[in-house]
Amino acid sequence: MYRIVMPIYVCDEVFNRMITSLSDSVKAAYSTPGGAAQYPIFIGAGDSGNAIGSRIVATIRQTEDAEIVFYPLDVGRKGEELSAINPEVLKGRSVLICDSIVNTGKTLSRLKKRFQQLGVKEVRTLTIFLRRGATFVPNFWVSDINKDEVVFFGIDRYPINTYNKGNVRKLGRSHCGLEMDCGKQFIHSVIDDYYFRQCVDPTYCGYVLEDGDSIVGLLFFKHIGQHQIYLEALGVSSTVQRSGYGSTLVKFFDDYCGMNGITNVKLHAHESAVDFWDDTEFVRTGLEFVSPMYGKFYEMEREFQPFSA
């Protein structure tokens, strides 16, 4: 079954304590008996790593008059991450690569190898959170997290999920016998059809949007992989369209994907609905087809980064 993702919210006060603790550990690790600390070149791995590394460097500088070199890296440029750093600066030096969360360890492992190839004397790694099951364990880390836990940094107030129109409910037997006509022939108006498919194939999942005793919206999709969904139907009753009910269904679907670790969603948008899906960050894949009965459809997809740090 699909597991619920548990978000972890880290407020600024806790985050600052983590940074202070990491800074103290780094100072102790690079101190020499009776002498000044020999600090490494600090490297930030990606945006979050840059934030962690620069904060640690700033914290150390507050208490010591130390000359510390810091380089931010764009880890998305695989093979070119170090292009902005003069290799001569690195030779014979120590390097400390900073990140915020180590999920698998592939990025840190790849960067460590690249620095070693450039003649670095020693490479150590640092992170705040280490995901259980990671194949690479950093030299410095604060806490471990489960596979289904995700982290928000810099939270002073908890983000509240708000659905302004109607009530979302899981499609169930009590909805059988009801209808919801959204004015699209390719979205069935008979709710029983969707309930039957959900019962026969548990990879299908349906939700309805209720307003009083009426069903005013329908969401129906299929899990086609551990982290992938095919969105089959999202419709709102023709009597209440352009009233905010569609936005509620889209917002709920976004939250569902975040809670269930979904990273990719595909759908086939009818030519009349392409603009709607464009506005919700779906992009065309280039594939399309024409239905003799319903008209032209475009394959679209969206990449999700659920509860990213």
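Computed from a prediction, not measured in an experiment: that's the story for all the values here. (Residues numbered from 1 in each chain as written. Predicted model: local features only at pLDDT ≥ 70, side-chain atom pairs only at ≥ 80, totals over all residues. Heavy atoms only, no water.)

A.B. asks: Mind laying out the sheet that holds strand β7 (residues 129-131), listing which residues take part and the relevant values?
C.D. replies: Strand order in the open sheet formed by 3 strands is β5-β7-β8, with parallel pairing between adjacent strands. Across the chains shown, the open sheet's two edge strands, defined by having one partner strand only, are β5 (101-102) and β8 (143-145). One ladder, built from 3 bridges, connects β7 with β8; its direction is parallel. By the bridge assignment for β8, R131 is matched with I145. (Pairing = 2+ DSSP bridges. Helix = DSSP H or I, 4+ residues; strand = E, 2+ residues; numbered from the N terminus.)

A.B. asks: How would you explain the pattern of salt bridges if you had to name every residue and give the values?
C.D. replies: Going through the model one piece at a time under the given rule, you end up with 13 salt bridges. In this structure, E232 and R197 form a salt bridge, with 2.6 Å as the shortest nitrogen-oxygen distance. Of this pair, E232 sits in strand β13 (residues 228-236) while R197 sits in helix α5 (residues 191-200), placing them 35 residues apart in sequence. Here E281 makes a salt bridge to R302, at a shortest N to O gap of 3.7 Å. (Salt bridge = Lys/Arg side-chain N within 4 Å of Asp/Glu carboxyl O.)

A.B. asks: Tell me about the packing of aromatic side chains, residues and numbers included.
C.D. replies: We describe a pair of aromatic rings using the distance from one ring centre to the other and the angle between the two ring planes. Inspection of the entire model under this criterion finds 17 aromatic pairs. When the ring of Y207 is compared with that of Y256, the centres are 6.0 Å apart and the planes differ by 65°; the resulting orientation is edge-to-face. Taken together, the residues Y207 in strand β11 (residues 204-211) and Y256 in helix α6 (residues 245-259) connect sequence positions 49 residues apart. Note on Y207: relative accessible area 14%, which makes it buried. Among the aromatic residues, ring-to-ring pairing joins Y163, Y207, F221, F252, F253 and Y256 into one connected group. The aromatic ring of Y207 is capped on one face by K170, whose charged end is 5.7 Å from the ring centroid. (Phe/Tyr/Trp six-rings, centres within 6.5 Å; stacked < 30°, edge-to-face > 60°. Buried < 20%, exposed > 50% of the residue type's maximum accessible area, 1.4 Å probe, protein only. Lys NZ or Arg CZ within 6 Å of the ring centre and 35° of its normal.)

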